[in-house]
Amino acid sequence: MKTRRLGRTGLPVPEIGVGGYSFQDATRRDAHIAVIRRAVELGVTLIDTAPGYGASEETVGIALEGLPREQVILSTKYYPYGEGDALNLSGDDFAKSLARSLERMKTTYVDLIHLHWVHTADDIRRLLVSDVARVMRRLQTEGKVRYLAVSEATELDGQHTMLQTALPMRFFDSVMVTHNVFLQNAALGIFPLAHQADAGVLVMMPLNQPPTPGSGLVSRESASENIRRLQAENQLPAGAPYDDPALLDFLTDGALAAGTQATLPQAAIRYVLDHREVSCALVGTTNPAHLEAAVAASEMPPLTRPVHAKAGSLFGKINKQVK
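Residues take numbers from 1 onward in each chain, read along the sequence in its written order. Restriction of local features to residues with pLDDT of at least 70 applies here, the model being predicted, together with a cutoff of 80 or more for giving and counting side-chain atom pairs; totals for whole chains, interfaces and linings are based on all residues. Computation of side-chain values covers all heavy atoms of the structure but excludes hydrogens and water.

## Quick look at helix α5 (residues 131–141)
Among the residues making up α5, those that are buried are Val132, Ala133, Val135, Met136 and Leu139. One side of α5 carries all its buried residues, which in axial view fall inside an arc of 165 degrees. In α5, the exposed positions angled more than 90 degrees off the buried face are occupied by Arg134 and Thr141. Residues of α5 that are buried make contact with α3 (91–105), β6 (110–118), α4 (121–127) and β7 (145–152). Two N or O atoms form a polar contact when they lie within 3.5 Å of each other; inside protein one atom must be a possible hydrogen donor and the other a possible acceptor, and for residues adjacent in sequence the pair counts only when both atoms belong to side chains. In this description a helix means any DSSP run of H or I spanning at least four residues, a strand means any run of E spanning at least two, and both kinds are numbered starting from the N terminus. Two to three positions downstream of the cap, the backbone nitrogen of Val132 sits 3.1 Å from a side-chain oxygen, assigning the N-cap of α5 to Ser130. Gly143 sits one or two positions beyond α5 and adopts a positive phi of about 90 degrees. The buried label applies to any residue whose accessible area, calculated with a 1.4 Å probe on protein chains only, is under 20% of its type's maximum; exposed applies above 50%, and partly exposed to all values in between. This arc describes the spread of directions from the helix axis toward the C-beta atoms. A contact between two residues is defined here by any heavy atoms of the two lying within 4.5 Å.

Right under this line is the structure:
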């Protein structure tokens, strides 16, 4: 597995990481453990999870038992909101949440801790002058956290205004942002700021996958459904060329022109990895074959410039996350 530098941390991270949202169901734990262990075998050693992902943290902890701790990069999160989605500025609540995460994952530290799904630019300003930020720094000094990060609430903030505020403040070593063929604006609004701050960039939803099946860049049919949803939200115009079921063939044709046969999901992952500011693309799956296909995308040559230009002309004006 190829690696990239996670910004100023200097940490080498795999180009493909595991998104732990898919591991929520404890009744399927054995299958999920098998996927996690296969990922580590393939060099997909960055695993991202969260306390809010059901059984995910505990499943990750069980899957990694017996492996050298330094072999994996563990990322988890803290949701800084309480009842009614009121902002929670309690550092004590942050510390308790992290302690529970460490216990569930059977580790003494995490490599990354994200303030998770921060809703607005004002929220991040308030958080960074609160006890939450002070406790994050203290726990980092104590060795319970290596690096500090933040993830956006893309469905609420498709133009990434929270991260545009957070990055210049240089509190966070890494950020998590949505970037894919159907939401490209991070390339202009976030990637340059991350480069200036020398912050790592983890990309979530490279296939624009919703929590339930039916849309996303996982297949031609799913992509067509995603386009219909974008049209319904007035993010794309109706009619041609968007009603053409072969519309996205230019992605796979572009991979072929670069010398590689690729599926649509592989070409979509390659599209994300072609941006030099991206440290790692997180792929959520419970299927080992899908994981292996994502790894193969990392080995493919970049898509051609005309392919990127066409993706921009077709979808570059979308400024809302529609799933």
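Still more ground to cover, so stick around.
## Thoughts on the nonpolar core
Phe94, Leu115, Ile124, Phe172 and Phe315 are the most contacted members of the largest nonpolar core, which totals 93 residues. Tallying contributions element by element places helix α11 (residues 264–273) first for this core, with seven residues. Those residues in contact with Leu115, other than ones at most four positions away along the chain, are Tyr78, Phe94, Ile124, Leu127, Val132, Met136, Ala149, Val150, Ser151 and Phe172. Think of a nonpolar core as a cluster: buried Ala, Val, Leu, Ile, Met, Phe, Trp, Tyr and Cys residues, connected wherever their side-chain atoms sit within 4.5 Å. The next biggest cluster of nonpolar side chains, apart from the first, holds 13 residues, and it includes Leu46, Met176, Leu202 and Cys280.

## Thoughts on the sheet that holds strand β4 (residues 46–48)
Two strands qualify as a pair provided that DSSP identifies no fewer than 2 bridges between them. In spatial order, the strands read β3-β4-β5-β6-β7-β8-β9-β10; together these eight strands close into a barrel with parallel pairing. Taking each pair of neighbouring strands and ignoring which way they run, the sheet shows an average axis angle of 25 degrees. With five bridges joining them, strand β8 (residues 174–178) and strand β9 (residues 200–204) adopt parallel strand pairing. Residue pairing across strands places Ser174 opposite Gly200, the latter belonging to β9. α11 rests against β3 (16–19), β9 and β10 (280–283) of the sheet, and its axis sits at about 150 degrees to β10. Here an angle of 0 to 180 degrees is reported between the N-to-C directions of two axes, which are lines fitted to C-alpha atoms, with helices fitted over the stretch in contact.

## Some words on α11
Counting buried residues along α11, ten of its ten residues qualify, which places the element largely inside the surrounding structure. Looking only at α11, the buried set comprises Leu264, Pro265, Gln266, Ala267, Ala268, Ile269, Arg270, Tyr271, Val272 and Leu273.

## Focus on the pairing of β8
In terms of residue burial, β8 counts as a mostly covered element, since five of its five residues are buried. A two-sided burial pattern is seen for β8, the buried positions comprising Ser174, Met176 and Thr178 on one face and Val175 and Val177 on the other. In this sheet, β8 lies alongside β7 in parallel orientation, the contact comprising three bridges. The residue of β8 that forms the bridge with Ala149 is Ser174. Looking down the strands as they point away from you, a crossover is right-handed if its path from the first strand over the helix to the second goes clockwise. Handedness of the β-α-β unit built from β7, helix α6 (residues 161–169) and β8 comes out right-handed.

## Considerations on the layout of surface pockets
The computed volume of the largest pocket comes to approximately 1,200 Å³. A cavity, in this analysis, means grid points on a 1 Å lattice covering only the protein atoms where a 1.4 Å probe fits yet has no way out; a pocket is instead an open set bounded by protein on both sides within 12 Å along at least five of seven lines, and a residue lines either one if it has an atom within 4 Å of a point. Lining of the largest pocket is provided by 43 residues; of these, Tyr21, Ser22, Gln209, Pro210 and Gly284 occupy positions nearest its centre. Put simply, the parts of the chain that give the lining of the largest pocket at least two residues each are β5 (73–78), β6, α11, β10 and α12 (288–299). Each residue gets one label: Ala, Val, Leu, Ile, Met, Phe, Trp, Tyr, Cys and Pro are nonpolar, Asp, Glu, Lys and Arg are charged, and the others, such as Gly, are polar. Looking at the lining of the largest pocket, its residues break down into 22 nonpolar, 16 polar and five charged. Reported here for the second largest pocket is a volume of approximately 170 Å³. Forming the boundary of the second largest pocket are 13 residues, of which Arg5, His195, Asp198, Ala199 and Glu277 lie nearest the centre. Secondary structure elements with two or more residues in the lining of the second largest pocket: β1 (3–5) and α8 (191–197). Sorting elements by how many residues they give to the lining of the second largest pocket places α8 first, with three residues. Grouping the constituent residues of the lining of the second largest pocket by class yields four nonpolar, four polar and five charged. Grid points are joined across faces, edges and corners, and a volume is the space filled by probe spheres set on the points.

## Comments concerning empty space enclosed by the protein
Enumeration according to the criterion identifies one cavity of 30 Å³ or more in this entry. Its boundaries defined by the atoms lining it, the largest cavity holds a volume of some 50 Å³. Arg220, Ala223, Ser224, Ile227, Asp244, Pro245, Leu247, Leu248 and Leu264 are the residues that line the largest cavity. Among the elements that line the lining of the largest cavity, the one with the most residues is helix α9 (residues 220–232), at four residues.

## Comments concerning the pattern of salt bridges
Salt bridge, as used here, is a side-chain nitrogen of Lys or Arg placed within 4 Å of a carboxyl oxygen of Asp or Glu. Applying the stated criterion to the full structure yields 20 salt bridges. Note that Arg29 and Glu58 form a salt bridge whose closest N and O atoms lie 3.6 Å from each other. Taken as a pair, Arg29 in helix α1 (residues 29–41) and Glu58 in helix α2 (residues 56–63) lie far apart in primary sequence, 29 residues in all. Among the residues examined, Glu58 registers a relative accessible area of 38% and is labelled partly exposed. One network of salt bridges, with partners in common, ties together Arg38, Glu41 and Glu292.

Don't take any of this as a statement about function, it's just geometry.
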